[in-house]
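Examination of the molecular architecture
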Amino acid sequence: MPNPRLRSVHVHPVKALRGHALAEAEVQPWGLAGDRRWAVVDASGKVVTQRRHPRMALASAESLPGGGIMLSAAGHPTLPVEEPRPSTTIRVEVFDTPVEAVPAGPAADAWLSAFLETESRLVHMDDPARRRPIDPQYALPGETVSFADAYPLLVTSASSLDALNALIAQGDHAHEGPLPMNRFRPNVVVEGTAPWAEDGWTRLTIGEVTFRVARACGRCVVTTTDQSTAARGKEPLRTLARHRKQGTRLIFGQNLVPEHPGTIRVGDEVKILD
């Protein structure tokens with residue numbers, strides 16, 4: 001088997017909206033530069049995701065020079081949003097954890113409210129000091145994450161997706177497969193490994209950056225959401241429940257914490273250290 005390589009790199013500038021692929025990315029202590037630094041919150045200040053609004057899959061956020069983003073969706077005008085100045089912050093909640101964030105402004109709020117057909121606001125996490133601590137059971141002191149669910153990066157493997165799709169093809173909902181990798185919204189996708197090899201990883205390097213594997217990634221209803229139509233089905237959760245269950249969690253991919261900053265590039269060698 002050839003040496004594992006980095007197949008693709010993905011950032012999602014706004015949590016839960018469609019992201020985009022990059023040829024290379026800067027790895028910061030709390031995740032890839034530009035990844036999930038923005039979030040949508042409801043009228044009460046709680047961060048909303050595709051769990052509640054699968055329609056979020058149909059809106060795209062693309063990074064712009066200078067830290068801003070471009071919002072776009074079919075039937076809506078594109079909207080450039082500058083990175084807001086941190087003059088005022090508001091308290092928002094990410095899975096019951098309070099975080100201070102900077103409002104993006106009324107134009108972005110109006111765009112998202114019209115798209116989601118409910119009162120919404122766009123917020124930005126500007127300062128590393130505002131980031132959330134990682135679950136101390138799986139983190140070292142001082143390790144943080146931005147608006148990602150729980151950890152700085154998520155790695156998946158192409159061979160594991162192939163294996164999962166083969167299992168889906170044997171099941172009651174075979175018509176839903178094969179599923180694309182975007183169902184799992186990873187940051188980095190590795191190729192050249194055996195299926196499910198990532199289950200045994202504890203440390204690895206991608207290019208010049210070393211990562212610690214914090215925990216296997218438990219999957220939720222977002223993976224059943226077609227990222228091009230927002231329609232929901234049964235897969236992959238039904239197949240994961242049969243073949244990839246750890247306790248109450250359905251596993252696909254591994255959560256990573258960088259040990260130091262650096263740059264990763266598509267085609268980089270992936271070395272499994274432990």
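Placed above this text is the structure.
Residues numbered from 1 in each chain as written. Predicted model: local features only at pLDDT ≥ 70, side-chain atom pairs only at ≥ 80, totals over all residues. Heavy atoms only, no water.

The next point concerns the environment of R36. Structurally, R36 is set in the loop between β4 (31-32) and β5 (38-41). A relative accessible area of 9% means that R36 is categorised as buried. In this structure, the C-alpha to C-alpha distance between R36 and P13, residues 23 residues apart in sequence, is 4.6 Å. (Helix = DSSP H or I, 4+ residues; strand = E, 2+ residues; numbered from the N terminus. Buried < 20%, exposed > 50% of the residue type's maximum accessible area, 1.4 Å probe, protein only.)

The next point concerns the pattern of salt bridges. All told, the structure shown has 14 salt bridges when counted by the stated rule. Put simply, D149 and K15 hold a salt bridge, and the shortest N to O gap is 2.4 Å. Within this pair, whereas D149 is found in the loop between β13 (144-145) and β14 (153-157), its partner K15 is found in the loop between β1 (5-11) and β2 (20-22), the two being separated by 134 residues in sequence. For E259, the salt bridge identified is with R203, shortest N-O distance 2.9 Å. (Salt bridge = Lys/Arg side-chain N within 4 Å of Asp/Glu carboxyl O.)

A few words on the state of the cysteines. Scanning the model with the defined rule gives zero disulfides in all. Free of any disulfide, C217 has its nearest cysteine sulfur in C220, 8.2 Å distant. A residue is classified by how much of its surface remains accessible, and C217, at 12% relative accessible area, is buried. (Disulfide = S-S within 2.5 Å.)

Judged by pairing direction, the sheet is antiparallel, and its three strands sit side by side in the order β4-β3-β20 without closing on themselves. Every other strand in the sheet has two partners, leaving β4 and β20 (262-265) as the edge strands with one partner each. When strand β3 (residues 24-28) meets β20, the two strands line up antiparallel, connected through four bridges. Looking across to β20, one finds that V27 is bridged to G262. (Pairing = 2+ DSSP bridges.)

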